Amino acid sequence: MKFKPLGERALVKLVEREEKTASGIVLPDTAKEKPQTAEVIAVGDSEDIKVKEGDVVVFAKYSGTEISLNGDDYMILDADDILGVVEE
Amino acid sequence: MKFKPLGERALVKLVEREEKTASGIVLPDTAKEKPQTAEVIAVGDSEDIKVKEGDVVVFAKYSGTEISLNGDDYMILDADDILGVVEE
Amino acid sequence: MKFKPLGERALVKLVEREEKTASGIVLPDTAKEKPQTAEVIAVGDSEDIKVKEGDVVVFAKYSGTEISLNGDDYMILDADDILGVVEE
Amino acid sequence: MKFKPLGERALVKLVEREEKTASGIVLPDTAKEKPQTAEVIAVGDSEDIKVKEGDVVVFAKYSGTEISLNGDDYMILDADDILGVVEE
Amino acid sequence: MKFKPLGERALVKLVEREEKTASGIVLPDTAKEKPQTAEVIAVGDSEDIKVKEGDVVVFAKYSGTEISLNGDDYMILDADDILGVVEE
Amino acid sequence: MKFKPLGERALVKLVEREEKTASGIVLPDTAKEKPQTAEVIAVGDSEDIKVKEGDVVVFAKYSGTEISLNGDDYMILDADDILGVVEE
Amino acid sequence: MKFKPLGERALVKLVEREEKTASGIVLPDTAKEKPQTAEVIAVGDSEDIKVKEGDVVVFAKYSGTEISLNGDDYMILDADDILGVVEE
């Protein structure tokens, strides 16, 4: 099952970044903010979406719609809520 | 009795997706979120509606107007609230 | 006494649809949602109103202004609040 | 003392419509909704105001600004709040 | 000290209208609504302000910014909040 | 250290106007409203800002952002919040 | 790891300004307002962003999205929230 976003939207998958304190203790989930970094899986046809498949993006808090596809969790983001691209 | 949506709107019918936990236990309705997947039954004449009859779409939470036609439940969605198309 | 809507508006009369449960018991008004189906009586001159006299339309909840003319109850609807046309 | 509305506005005077129940009993004010019918007294210069002096209009609830001129009560309405014209 | 409004604004001075009841009793301030009639003292350069110095205008409730100049009280009104002109 | 406002903004410095009651008693700060008069120190490059360095302006209540530069307090105002110019 | 802002946005790093009272006592963090001065690290491609890498900017309170990159804290600002540039 695949998902094709419409218009100025992107389908993304959350990226779990390593979360260790200086002392090396891994923080439990309740002590961390929800990650805001995601990998782009698919984009709509609009020219106003400036990211492409494979980009790692940072998105605005409280944005996006969560959906579940084939048992995995994804988010659908509006172009306006994608703040920038992380380049390794 | 048929229904013709006006403008940038679509008439859709909710799709009940199988909802089983890993252990095979079927969740009662109160434990599940309202499904957000629907099949398109009819669309308005506007060029701004990018889906067609038969498409399976995901729509935004808290969007749409529920109506009952011939005893069945449908929703009328604005084009802006249709987030993407599910392709099997 | 007649009423001529201005601009992108329509004057409509509510359609009472038969409301019977499976067992044939007619529900009292307090157990039913307010009907959202209406017949178009007159429309404004704007090209942006896509319905015509005699059309049966579905309109958005909480929209419209109720008025009483010659002892009958009517509603004045904005074009944007008319979701579609019911075709028998 | 006269009043000239500016732009897309009309000065109107409320029309008291006869309010009798089927049994002929006149309802006291507290049992009636505020009337929403008014006669147009003067209009602004804008082309976007489609009513003229003498028209009887229906206007949206909770709209308009009440003013007192020469001891009489009037309302100033925006063109958008005038829903239609009553033709006898 | 003079004040030049910028853009679509007018500087006005409130007009105290005579406030007597039918019995001739002058109402104390707390029994009267704030007057909404004012004389135009100066206007901005915008073509969208349709009143001129000396006009007596009615303005919308809760609009305007009060300022004090040379010990007198004035209001600065946006053009949109000036509803019309009173012609004696 | 200098500050260059961007776009339709002005940097201003509050003007303390003499505040004496008729009896000559100087009011303490808590009895006075915050002054709304300021001198323009610098403006952005936009043509939509109609004031210039040295102008004394009146600005809307609750507008602007306070900043501290070289130990002095300033405000950054949007052009829309500058109501007019005081001419002595 | 680098971050490329999209559109009318800038990536900035907060600038800690010296905070000493007249008596020379350094205020603890809880006694100070959050600083609103930042250095621009990277900007998006839009012509509507008028600042460049290295500029020291003042930004509106309660604006921006905080992110952490390589262990350092940054903010992503919309062009509209950048009020001006500090020139030493």
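What counts, and where the lines are drawn
- Residues numbered from 1 in each chain as written.
- Chains lettered and ligands numbered in written order.
- Predicted model: local features only at pLDDT ≥ 70, side-chain atom pairs only at ≥ 80, totals over all residues.
- Heavy atoms only, no water.
- Helix = DSSP H or I, 4+ residues; strand = E, 2+ residues; numbered from the N terminus.
- Buried < 20%, exposed > 50% of the residue type's maximum accessible area, 1.4 Å probe, protein only.
- Contact = heavy atoms within 4.5 Å.
- Buried area = accessible area lost by both parts, 1.4 Å probe.
- Salt bridge = Lys/Arg side-chain N within 4 Å of Asp/Glu carboxyl O.
- Nonpolar A, V, L, I, M, F, W, Y, C, P; charged D, E, K, R; others polar.
- Pairing = 2+ DSSP bridges.
- Phe/Tyr/Trp six-rings, centres within 6.5 Å; stacked < 30°, edge-to-face > 60°.
- Lys NZ or Arg CZ within 6 Å of the ring centre and 35° of its normal.
- Polar contact = N/O pair within 3.5 Å; in protein donor to acceptor, adjacent residues only side chain to side chain.

Colleague: Go over the overall build of chain A, please, and point to the residues and values.
Modeller: Regarding its fold elements, chain A presents zero helices and seven strands. Secondary structure of chain A in N-to-C order comes out as β-β-β-β-β-β-β. The buried share among the 88 residues of chain A stands at 41%. Restricting to contacts in chain A with at least 6 residues of sequence separation, those with at least 24 account for 58%.

Colleague: Pulling in residues and values, what's your account of the interface of chain B and chain A?
Modeller: At the interface, 13 residues of chain B touch 12 residues of chain A. Buried surface at the junction of chain B and chain A, summed over both partners, amounts to about 1,100 Å²; 59% is from carbon and sulfur atoms. Seen at the junction of chain B and chain A, the total is zero salt bridges. In terms of residue count, strand E7 (residues 82-87) of chain B provides more of the side of chain B that touches chain A than any other element does, six residues in total. Along the lines of polarity and charge, the residues of the side of chain B that touches chain A split into six nonpolar, two polar and five charged. Inspection of the sheet shows strand E1 (residues 2-5) of chain A paired to E7(B) by four bridges, in the antiparallel sense. In the sheet register, A:Lys2 faces E7(B), and the bridge partner there is B:Glu87.

Colleague: Describe in detail the packing of aromatic side chains, supporting the description with residues and values.
Modeller: Under the criterion given, the structure shown has zero aromatic pairs over all chains. The residue whose ring lies beneath D:Lys13 is D:Tyr74, and the NZ or CZ to ring-centre distance is 5.5 Å.

Colleague: I'd like a rundown of the side chain of D:Gln36, residues and numbers included.
Modeller: Along the chain, D:Gln36 falls in the loop between strand E2 (9-14) and strand E3 (37-43). Looking at D:Gln36, its side chain comes within polar contact range of the main-chain oxygen of D:Phe59, at 2.8 Å. Ignoring sequence-local partners within four residues, the contact set of D:Gln36 consists of C:Thr65, C:Glu66, D:Val57, D:Val58, D:Phe59, D:Ala60 and D:Lys61.

Colleague: I'd like a description of the interface of chain D and chain C, backed by residues and values.
Modeller: The interface of chain D with chain C comprises 13 residues on the first partner and 12 residues on the second. There are zero salt bridges connecting chain D and chain C. At the surface where chain D touches chain C, the tally comes to five residue pairs in polar contact (both at pLDDT 80 or more). Sorting elements by how many residues they give to the side of chain D that touches chain C places strand E7 (residues 82-87) of chain D first, with six residues. By residue class, the composition of the side of chain D that touches chain C is six nonpolar, two polar and five charged.

Colleague: Provide a residue-level description of unusual backbone geometry, including the pertinent values.
Modeller: Positive phi is not limited to glycine here, since B:Tyr62 has a value of about 60 degrees. Within the element layout of this structure, B:Tyr62 appears in the loop between strand E4 (56-59) and strand E5 (65-69).

Colleague: So what about the side chain of D:Thr65? Which residues, and what values?
Modeller: Positionally, D:Thr65 belongs in strand E5 (residues 65-69). Take D:Thr65: its relative accessible area is 16%, and that puts it in the buried class. Setting aside its immediate chain neighbours within four residues, D:Thr65 contacts D:Tyr74, D:Met75, D:Ile76, E:Gln36 and E:Leu83.

Colleague: Describe in detail the pattern of salt bridges, supporting the description with residues and values.
Modeller: A side chain with one charge may pair with a side chain of the opposite charge, provided their charged atoms come close. Residue and element names in this part refer to chain B. Scanning all chains against the criterion turns up 21 salt bridges over all chains. As a salt-bridge pair, lysine 52 and aspartate 55 come within 3.2 Å of each other at their nearest N and O atoms. What makes lysine 52 exposed here is its relative accessible area of 53%.

Geometry only, nothing functional implied.
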